[in-house]
Protein chains: 4
Amino acid sequence: MARGVNKVILVGNLGNDPETKYTQGGMAVTTLSLATTSVRKDREGNTQERTEWHRVKLFGKLGEIAGEYLRKGRQVYIEGSIRYDKFTGQDGVEKYFTDIVADEMQMLGGGGEGGGAGGGGGGRSERPSRPAPRQEAPRKEAPPAKSNDFGSDFADDDIPF
Amino acid sequence: MARGVNKVILVGNLGNDPETKYTQGGMAVTTLSLATTSVRKDREGNTQERTEWHRVKLFGKLGEIAGEYLRKGRQVYIEGSIRYDKFTGQDGVEKYFTDIVADEMQMLGGGGEGGGAGGGGGGRSERPSRPAPRQEAPRKEAPPAKSNDFGSDFADDDIPF
Amino acid sequence: MARGVNKVILVGNLGNDPETKYTQGGMAVTTLSLATTSVRKDREGNTQERTEWHRVKLFGKLGEIAGEYLRKGRQVYIEGSIRYDKFTGQDGVEKYFTDIVADEMQMLGGGGEGGGAGGGGGGRSERPSRPAPRQEAPRKEAPPAKSNDFGSDFADDDIPF
Amino acid sequence: MARGVNKVILVGNLGNDPETKYTQGGMAVTTLSLATTSVRKDREGNTQERTEWHRVKLFGKLGEIAGEYLRKGRQVYIEGSIRYDKFTGQDGVEKYFTDIVADEMQMLGGGGEGGGAGGGGGGRSERPSRPAPRQEAPRKEAPPAKSNDFGSDFADDDIPF
DNA sequence: TTTT
DNA sequence: TTTT
C-alpha cells in the first residue's frame, strides 16, 4: 500500500500553544511548533547549538487531543511523516512548506493530564458543530486501530505456537 | 492509548521461507526469521561480524501477504514492536521468547511482486476455510488504515491553511 | 559497514534504579529496566494493558551518565539495537537473553538534571580507578561524534551550495 | 549533548544520479533526490498516490561512498535528521529549504556493490586533491564508529554479567 | 517561539 | 519493577 518508507520521530518542546482549525468536513487540524536542539563543535572547538522548528500537523481525533491537552513548553513525542507542499501566492511567488504529519503522539514528562494517543484517520469523526471543539464527543464507533491492537477476534490462547 | 513508545525498525534478509499458521478464529500468523548483521572492530583491530536473528510475527492481512510473497533470502523492511513472552514447558522449565510484532512491512529490492503493506488488525479478516491460505480473498471491506490515509472525508481543498 | 538495520526506539519509565558495573578494562556497563505499556481491546471489548520490560544496556560514557543521573520512575528515551544472547548455565541449561544496546539516551520530563547524551563507543574511556565511577573525568580527547556533528573542519560558509 | 530527538528514516529510490561537491576544506557533500510514495483513498474511494521528493545530504566519508556507489533508480535506506534552512536571494526574496542530513546509509536490493555505511563525521577525511572525487581512496584510518561498535578495548569476556 |  |  506504499512504496518506500517516510518516517519521522521527534521529541521536543512546544514553542507556542497549539492552533486548531476545522475543515469544512468538520475534521480538526492542529498545528504545533516543535523545537529540537542539537549540539556540535565548530572548527574552533566551540559548542554550537542549533534548533530546528518543526511544523507538525495532527488531523482528526489526534488533532483534537493535541489541541486540548498540549500547551506551550510541553514536551512531546511525535511520530509521523514528512510532507512537502508548494503554494503559489496571489503575487505569483511560489512558497514551499514542509510539514510533519503526525500519526502518533505522546505527551512526555510529569504534569501530564493524559497519556498517549495515536493512529486513526481523522475522517472517521462525524461532523462536529464545528467552531466548538468537541470535548466529550460520544464514541459511537470502534476506536482507531493501534499498533498493538491485534483485532477483535484475537486472543493469546488462540495462537497455535 | 498507550504509555510509552516501543518501536523496532529492521531491514534484513529472510533465513528461511516464512511459516504461516492460522488461529482458531482464522487469522493468519506468519513467522519470519530475519537476519541483521553489524560490524565492529575488536580490541585487536580485527573486524568482527555479528548477526542477530529476529523472530518476526505478522498477523492478519499482513501475515497473509508475507506468507504469500516473501521467500528465503528476500530483503525486507519491518516496523513493529518488541514483545517478550514466557512459557513454562511440561518439564516445568520456563522458556523465554522475544518476538518482533510487525505492523508495517515492505519488500525491498527488485524482483518485487508487490510493494508494501501495513497497519490493520488481523481480526478484520473473515474466517477462511483455514488450512488453505486465502490467495485471492475478496476484499469486501475497507483496507486497513495507513499512516498517510487521512480518512474518507478528507480532501486537500478542505483544509483551511 | 553493516548489512541491515537493527534499530529500536523506546520511551518508557524505569522500574528500578540503574545498575552500573565495570568491565576489567574499566568500561561502565549500566543496565536499565524500562517499561513500555500498550493498550488493546480484547474480543469482549475490554481494554487490556500489556507492559513490556526491556533490559537496556548502556556502555562507556553513556553508561556512566545513565548510572549517575537516572533513577527509578524516571522517563527516558532510548535509541539502540536489539541483541540476542544465549548462555549455558552450569546445569547445562541454555538461557536466552534479549538486550537493547543503547547508543542514544535522553532524559525526559522536568526535574531533569541533565540533557541528552549519546553516541560514542565506551572503549574510548581510559580505565578509571574502577569501583569509583568517574564523576569529573578529564576529557583529553575529542568527544564522540554526534549525529549533527559535521566534523572539525566543517563550517557553514564552507559549503558550495 | 542534545535537547530533543530529530530523527528521519527513509526508504526510497533515487530520482537522479547523486551530485557530489567538495567544501573548501575538502569534505565531500553529496545530494540525493529520494522518492517515497504513499497511498491513500480519497473521499470518493479512489486510490491516490502521493510522492514526496526528499533532498538528502551526505557529508564526508558517507558522501563519498554515496557519490561513488549510488545511481539513479537505486533503492536506499537513509537515517538522519531534518534541517530547515533559509536563504535570502540577491532579489531580496527569502527561500526555504528542507534537507535530510544523513548519518547512516544502506544500499538496498540486489546488484549491490556494497553494504551499508554510516556514522562518523566528515571531518575525518584528509583533504583530497579536491575537484577530483576520490574513487579509490586508500583507507589509512579506522572506519567511522558504528552503532554496534563497542570500542577498541571491549570484548565479550570482559563483561561482568 | 520551546527547553536545559 | 515504572508510569497514568
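Residues numbered from 1 in each chain as written. Chains lettered and ligands numbered in written order. Predicted model: local features only at pLDDT ≥ 70, side-chain atom pairs only at ≥ 80, totals over all residues. Heavy atoms only, no water.

A.B. asks: Mind showing me how you'd approach the protein's contact with DNA strand E here?
C.D. replies: Residues and elements named next belong to chain A. Around DNA strand E, a shell composed of 12 residues is seen, among which Asn 13, Gly 15, Asn 16, Ser 33 and Trp 53 lie nearest. Counting only atoms of DNA strand E within 4 Å of the protein, the fraction found in sugar and phosphate groups is 47%. Looking at the surface near DNA strand E, the elements with two or more residues in it are strand S2 (5-14), strand S4 (28-41) and strand S5 (47-59). Residue composition of the surface near DNA strand E, by class: 3 nonpolar, 7 polar and 2 charged. (Near = heavy atom within 4 Å. Helix = DSSP H or I, 4+ residues; strand = E, 2+ residues; numbered from the N terminus. Nonpolar A, V, L, I, M, F, W, Y, C, P; charged D, E, K, R; others polar.)

A.B. asks: I would appreciate a short explanation of the environment of C:Ala35 in the present structure.
C.D. replies: Looking at the element boundaries, C:Ala35 is found in strand S4 (residues 28-41). Placed 30 residues apart in sequence, C:Ala35 and C:Val5 show a C-alpha to C-alpha distance of 24 Å.

A.B. asks: I tried to follow the protein's contact with DNA strand F on my own but got confused; where do I start?
C.D. replies: Residue and element names in this part refer to chain C. The full set close to DNA strand F counts 12 residues, and Asn 13, Gly 15, Asn 16, Ser 33 and Trp 53 are the nearest of them. In DNA strand F, atoms within 4 Å of the protein come from the sugar-phosphate backbone in 47% of cases. Between DNA strand F and Asn 16, the relevant distance is 2.4 Å, taken from a base oxygen to a side-chain nitrogen or oxygen of the residue. Interatomic distance of 3.4 Å between a side-chain N/O atom of Thr 51 and a base oxygen of DNA strand F. Elements represented by at least two residues in the surface near DNA strand F include exactly strand S2 (5-14), S4 and strand S5 (47-59). For the surface near DNA strand F, the residue count by class is 3 nonpolar, 7 polar and 2 charged. (Polar contact = N/O pair within 3.5 Å; in protein donor to acceptor, adjacent residues only side chain to side chain.)

A.B. asks: Is there a simple way to explain the side chain of B:Gln106 in this structure?
C.D. replies: Here B:Gln106 lies in strand S7 (residues 94-107). On the basis of relative accessibility, which here comes to 2%, the residue B:Gln106 falls in the buried class. Reaching out from B:Gln106, the side chain makes a polar contact with the backbone oxygen of A:Gly4 at a distance of 3.1 Å. (Buried < 20%, exposed > 50% of the residue type's maximum accessible area, 1.4 Å probe, protein only.)

A.B. asks: Just to check I follow, could you spell out the environment of B:Lys41 for this structure?
C.D. replies: Counting through the fold element by element, B:Lys41 comes out in strand S4 (residues 28-41). Within the structure, B:Lys41 has its side chain in polar contact with the side chain of B:Thr47 (distance 3.0 Å).

A.B. asks: Is there a simple way to think about the environment of C:Thr30 in this case?
C.D. replies: All names here are of chain C. Along the chain, the position of Thr 30 falls in strand S4. In this structure Thr 30 comes out as buried when scored by relative accessible area, which is 0%. Each residue touching Thr 30, except ones within four places of it in the same chain, is listed here: Pro 18, Glu 19, Thr 20, Val 56, Lys 57, Leu 58, Gly 63, Glu 64, Ala 66 and Gly 67. Side-chain polar atoms of Thr 30 contact the side chain of Thr 20, separated by 2.7 Å. (Contact = heavy atoms within 4.5 Å.)

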